[in-house]
Amino acid sequence: MNDVYTHGHHDSVLRSHRNRTAENSAAYLLPLLRPGLDLLDVGCGPGTITHDLAARVAPGRVRGIDVVEAPLAEARAAGTGPEFAIGDVYALDDPDDSYDVVHAHQVLQHLSDPVAALREMRRVTRPGGVVAVRDADYAGFTWFPHDERLDAWLALYRAVARGNDAEPDAGRRLLGWAHDAGFTEVTPSASIWCYATPETRAWWGGSWAERIRSSSIADQALDRGLATRDDLEAMSAAWLRWAASPDGWFTVPHGELLAQA
């Protein structure tokens, strides 16, 4: 399948990915990890979560895959241990029953067929192992103070994602997708990211202020006639205003799933 990664790999996107750790992005999975487990990280990006997970399952084998090479070079440079390679979640290179844990963070929301991806992840998971997935739910984003230009930003992002046959509100759908993929023993949960301190507001708001102007999201919005350059500049300025507000608050809800193979 020719899925489009809505965000692309602009540095404003990768800066967000570099902030992700096992603690802030995979806490629901950590109690199941132990030394010696073999783990596959699907959609690993620059590998920050992958390296964290590898430290917890060492000396187990850890492999991270992504659809393009660019972030993998950064992942390899971050340390030894995991193997990193280009891979396709719909057609994994590994034989059946290769891993104890298959993990995917913020991946299913970008796929045109998340159920097929879950079936393939299940195929390479050993009996009794787990497929662990976590995805945001854009419709559940909450912020203060209100700004209609941020309302417009969210509507635009969801339109761009849906134009790629992706599902930006994936978090609430994980359980249904897992059932459709044939999983019967599933543990669902949820957690949030919260940006409400000066430091986290500056980081999150600054990232999106640049992303909505300069990343693949901006290119797709302009190419499809969903926004003008002035619209994107207004949204960018709104992000900076939000980040500068001492009362600024932003939460990102996530669905999570541990599905036993």
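Data block above holds the structure.
Residues numbered from 1 in each chain as written. Predicted model: local features only at pLDDT ≥ 70, side-chain atom pairs only at ≥ 80, totals over all residues. Heavy atoms only, no water.

Asks: Help me understand unusual backbone geometry in this model?
Replies: The phi angle of most residues is negative, glycine excepted, and most peptide bonds adopt the trans form. With omega at 10°, the peptide bond leading from Ala 58 into Pro 59 counts as cis. Residues Phe 144 and Pro 145 are joined by a peptide bond in cis, for which omega reads -5°. Phi at Asp 97 is positive, roughly 60°, even though this residue is not glycine. Structurally, Asp 97 can be placed in the loop between β3 (83–86) and β4 (99–105). Owing to a relative accessible area of 39%, Asp 97 belongs among the partly exposed residues under this scheme. The residue Gln 106 is not glycine, and still its phi comes out positive at about 55°. If you trace the backbone, Gln 106 turns up in the loop between β4 and α5 (114–123). (Helix = DSSP H or I, 4+ residues; strand = E, 2+ residues; numbered from the N terminus. Buried < 20%, exposed > 50% of the residue type's maximum accessible area, 1.4 Å probe, protein only.)

Asks: Sorry if this is basic, but what is going on with the packing of helix α1 (residues 11–18) against helix α8 (residues 198–214) here?
Replies: When two helices pack together, their arrangement is captured by the angle between the axes and the distance separating the axes. Viewed as axis vectors pointing N to C, α1 and α8 meet at an angle of 155°, and their least axial separation amounts to 8 Å. When the axis of α1 is compared with that of α8, the two are roughly antiparallel. The hand of the α1/α8 crossing is left-handed. For the pair α1 and α8, contact is made by Ser 12, Val 13, Arg 15 and Ser 16 and by Trp 203, Trp 204, Gly 206, Ser 207, Glu 210 and Arg 211, respectively. Looking at side-chain class alone, the contact of α1 with α8 contains 3 nonpolar, 4 polar and 3 charged residues. (Axes fitted to C-alpha atoms, helices over the stretch in contact; angles between N-to-C directions. Parallel < 35°, antiparallel > 145°, perpendicular 65-115°, else oblique. Left-handed = near helix turned anticlockwise from the far one by under 90°. Contact = heavy atoms within 4.5 Å. Nonpolar A, V, L, I, M, F, W, Y, C, P; charged D, E, K, R; others polar.)

Asks: Looking at this structure, how should I read the nonpolar core?
Replies: Across soluble globular proteins, you tend to see nonpolar side chains buried next to one another. In this structure, Phe 141, Trp 153, Trp 239, Trp 242 and Phe 250 are the most contacted members of the largest nonpolar core, which totals 30 residues. Contributions of two or more residues to this core are made by α6 (148–163), β7 (186–195), α8, α9 (216–223), α10 (229–244) and β8 (249–260). Setting aside its immediate chain neighbours within four residues, Trp 153 contacts Phe 141, Trp 143, Trp 208, Ile 212, Met 235, Trp 239 and Phe 250. Within the second largest apolar cluster, 28 residues are counted, among which are Val 42, Ala 117, Ala 170 and Ala 178. (Core = buried A, V, L, I, M, F, W, Y, C linked by side-chain atoms within 4.5 Å.)

Asks: Teacher, can you tell me more about the layout of surface pockets here?
Replies: Think of a ball as big as a water molecule: rolled over the atoms, this probe shows where empty space is left. Taken as a whole, the largest pocket encloses approximately 760 Å³ of empty space. Elements that contribute at least two residues to the lining of the largest pocket include exactly α1, β1 (39–42), α3 (48–57), β2 (62–66), β4 and α8. Taken together, the residues of the lining of the largest pocket sort by class into 21 nonpolar, 16 polar and 6 charged. (1 Å grid on protein atoms, 1.4 Å probe; cavity = no way out; pocket = protein on both sides within 12 Å on 5 of 7 lines; lining within 4 Å. Points joined across faces, edges and corners; volume = space filled by probe spheres on them.)

Asks: I would appreciate a short explanation of α9 in the present structure.
Replies: The periodicity of an α-helix, 3.6 residues per turn, causes residues three or four places apart in sequence to face the same way. Considered for burial, the residues of α9 that qualify are Ile 217, Ala 218, Gln 220 and Ala 221. Looking straight down α9, one finds its buried side chains confined to an arc of 165°; they lie on one side. For α9, the secondary structure elements touched by its buried residues are α6, α8 and α10. (Arc of directions from axis to C-beta.)

Asks: Mind showing me how you'd approach the packing of aromatic side chains here?
Replies: The description of two aromatic rings rests on the distance between their centres and on the angle between their planes. The final tally for this structure, using the stated rule, is 19 aromatic pairs. Judged by centre distance (4.3 Å) and plane angle (15°), the rings of Tyr 138 and Tyr 157 are stacked. Linking Tyr 138 in the loop between β5 (125–136) and β6 (142–144) with Tyr 157 in helix α6, this pair joins segments that are 19 residues apart in sequence. Judged by its relative accessible area of 6%, Tyr 138 falls in the buried class. Aromatic pair Tyr 195 and Trp 203: ring centres 5.8 Å apart, planes at 45°, arrangement tilted. Taken together, the ring pairs connect Tyr 138, Phe 141, Trp 143, Trp 153, Tyr 157, Tyr 195, Trp 203, Trp 204, Trp 208, Trp 239, Trp 242 and Phe 250 into an aromatic cluster. Looking at Arg 122, its charged tip hangs above the ring of Phe 183, at a distance of 5.1 Å from the centre. Note that Arg 211 overlies the ring of Trp 208, its terminal NZ or CZ placed 4.2 Å from the centroid. (Phe/Tyr/Trp six-rings, centres within 6.5 Å; stacked < 30°, edge-to-face > 60°. Lys NZ or Arg CZ within 6 Å of the ring centre and 35° of its normal.)

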